[in-house]
Amino acid sequence: MRVTSDSGLSACIITFNEAERIEACLRSVSFCDEIVVVDAHSTDGTRELAAALGARVIERDWPGYRSQKQFAVDAACHDWVLCVDADERVSAALRAEILALRAQGFAAAAGFSVPRITDYFGRFLRHGNAYPDRLVRVFDRRRGGWSGYEIHENTRVTGPVGKLHGDLEHYSYRSLTDHHLRMARYADLMAQALYDRGKRCGLAKVLINPQWRFFRSYCLRLGFLDGWRGLVFALVEANYVRRKYLGLYMRSRGLPG
C-alpha cells in the first residue's frame, strides 16, 4: 500500500550499469525521505550497491527514458518527488533550498526548476546552451509528470513553477568519444521518434539547423567564454543536430536511417 505525505520527498532515479557513478548520486540525495531506483537489469552490481546505500530498488525491463522515469515517479511513496539521473549530483546549495521548501510543505508552487551545470573535462560549462539548462526536477506528481518523446523527455506540471538557484551538477561525459557516441545514439533515437510522429524534413534542415545551433550556442549565448571546452561542446552539439535531421531526411525518403 502506498503511503503519502504532504511534506515527504522521494528521490527517483533510473539506472543501467551505473555502478561507477551511482554512489555519489545517492549520497547527494540522502536527505530525501525515500530513494527509489528503477534498474533495467544492470550487470555491474548497480542494484546491489544502491540497495546497500539504502535505496528501494525495483528491477524492470527498459521501455524508454520517459516511461521508465514516469514508472519511478508512480512507484514513489510520496507525492513530492525529486528526479535525478545517475550521473547527476544535488549540490549543497540546491540541497539547502529543497530542505527549506520541504520545511514549508512545498506550498509555493506545483513544481520547481533547477539550473543544471555540466562538467566537461574537469571544469563546469557556464555559458552557451549548456548553462543554465533549467529543468523542472522537483514537483508534485499529482499535478505533473514526465512527458514528450522517449528520448529528450521532459517534465510538465499544471500550476505555478518556482525557480531554485542551487545547481544540479551533471557529470555525463567520460571522454570525447563517449560524448560523440552518446549524441549519435540520441540523434538516431530522436530521428526515429520524429518520423514515427509523422515529421518529415528536406535538405534545408540538414544544412541550416546545425549551423544555427552552433551560432546560437557559441556566439549568441557566449559559449566562447568557456574557452576550448565551449568550442568542442558546441561542435559536438551541432553535429548531433546534423545527424538527427539527416536521419529524418533519409527516413522521409523511405531509406534506412
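Remember, it's a predicted structure, so these values are computed and weren't measured experimentally.

Chemist: Any chance you could explain the overall build of the chain here in plain terms?
Modeler: Summing up its helical and strand segments, the chain has seven helices and 12 strands in all. In summary, the chain has a C-alpha radius of gyration of 19 Å against a globular reference of 18 Å for 257 residues, a match within 12%. Along the first, second and third principal axes, the C-alpha atoms of the chain reach 55 × 40 × 40 Å. Within the chain, buried positions represent 49% of all 257 residues. The contacts of the chain with a sequence gap of at least 6 include a subset with a gap of at least 24, amounting to 73%. In the chain, 37 side chains carry a positive charge and 29 a negative one; their mean positions are 8 Å apart.

Chemist: Just checking my understanding: could you explain helix α4 (residues 92-103) for this structure?
Modeler: In an α-helix, one turn spans 3.6 residues, which is why side chains three or four residues apart end up on the same side. The end-to-end C-alpha distance of α4 is 17 Å, a good match for the 16 Å that 12 residues give at a rise of 1.5 Å each. Next to the buried residues of α4 lie β1 (9-15), β4 (80-83), β5 (88-90), β6 (111-120), β8 (133-140) and β12 (168-170).

Chemist: Please explain the side chain of Gln 68 as it appears in this structure.
Modeler: Note on placement: Gln 68 falls in helix α3 (residues 65-75). For Gln 68, a relative accessible area of 0% translates into the label buried. Setting aside residues up to four positions removed in sequence, Gln 68 forms contacts with Ile 14, Val 38, Asp 39, Ala 40, Arg 60, Asp 61, Trp 62 and Pro 63.

Chemist: Looking at this model, I keep getting lost on the nonpolar core. Mind explaining?
Modeler: Soluble, globular proteins show a tendency: their nonpolar side chains are buried together. The biggest cluster of nonpolar side chains holds 28 residues, and the ones touching the most others in it are Ile 13, Val 29 and Leu 82. Every element with two or more residues in this core is listed here: β1, α1 (22-28), β2 (34-39), β4, α4 and β6. Beyond its immediate sequence surroundings of up to four residues, Leu 82 is in contact with Leu 9, Ser 10, Ala 11, Cys 12, Val 29, Phe 31, Cys 32, Val 90, Ile 98, Arg 137 and Val 138. One finds Tyr 120, Ile 151, Tyr 173 and Leu 194 within the second-largest nonpolar core, a separate group that totals 21 residues.

Chemist: Whenever I open this one, the confidence of the model for the chain confuses me. Can you help?
Modeler: The predicted coordinates ought not to be read in detail in places where the model reports low pLDDT. With 98% of its residues at a pLDDT of 70 or more, the chain shows a mean pLDDT of 95. Here residues 1-5 is modelled with pLDDT under 50, and outside its nearest four sequence neighbours on either side it reaches 12 contacts, counting other chains as well.

Chemist: Quick question: what am I supposed to make of the pattern of salt bridges here?
Modeler: Any two side chains of opposite charge can pair, given that their charged atoms come close. Enumeration according to the criterion identifies 22 salt bridges in this entry. Here Arg 182 makes a salt bridge to Asp 87, at a shortest N to O gap of 3.7 Å. Here Arg 182, found in helix α5 (residues 176-196), pairs with Asp 87, found in the loop between β4 and β5; they are 95 residues apart in sequence, far enough to count as distant. For Arg 182, a relative accessible area of 10% translates into the label buried. One continuous salt-bridge network, built from bridges that share partners, spans Lys 69, Asp 85, Glu 88, Arg 116, Asp 133, Arg 137 and Glu 153.

Chemist: Would you explain the environment of Ile 14 in this entry?
Modeler: Residue placement: Ile 14 occurs in strand β1. Each C-alpha atom of the pair Ile 14 and Ala 40 lies 7.9 Å from the other, and the pair is 26 residues apart in sequence. Beyond its immediate stretch of four places on either side in the chain, Ile 14 contacts Val 38, Trp 62, Tyr 65, Gln 68, Lys 69, Ala 72, Val 84 and Ala 86.

Chemist: It is not clear to me how the packing of aromatic side chains should be interpreted in this structure. Could you clarify?
Modeler: Any pair of aromatic rings gets described here by the distance separating the centres and the angle formed by the planes. This model, assessed by the stated rule, comprises 12 aromatic pairs. With 4.5 Å between their ring centres and 15° between their planes, Trp 80 and Phe 106 make a pair best called stacked. Of the two residues, Trp 80 is situated in strand β4 and Phe 106 in the loop between α4 and β6; the sequence distance between them amounts to 26 residues. Across this residue pair, the class does not change: Trp 80 and Phe 106 are buried. An aromatic cluster is defined as three or more aromatic residues linked by ring pairs; in this entry it consists of Tyr 120, Phe 121, Tyr 173, Trp 228 and Phe 233. The ring centre of Tyr 149 lies 4.2 Å from the NZ or CZ of Arg 197, which sits over that ring.

Thresholds applied
Residues numbered from 1 in each chain as written. Predicted model: local features only at pLDDT ≥ 70, side-chain atom pairs only at ≥ 80, totals over all residues. Heavy atoms only, no water. Helix = DSSP H or I, 4+ residues; strand = E, 2+ residues; numbered from the N terminus. Rg over C-alpha atoms; globule rule 2.2 N^0.38 Å. Buried < 20%, exposed > 50% of the residue type's maximum accessible area, 1.4 Å probe, protein only. Contact = heavy atoms within 4.5 Å. Lys, Arg positive; Asp, Glu negative; His and termini not counted. Charge placed at Lys NZ, Arg CZ, Asp CG, Glu CD. Expected span 1.5 Å × (residues − 1). Core = buried A, V, L, I, M, F, W, Y, C linked by side-chain atoms within 4.5 Å. pLDDT = per-residue confidence, 0-100. Salt bridge = Lys/Arg side-chain N within 4 Å of Asp/Glu carboxyl O. Phe/Tyr/Trp six-rings, centres within 6.5 Å; stacked < 30°, edge-to-face > 60°. Lys NZ or Arg CZ within 6 Å of the ring centre and 35° of its normal.

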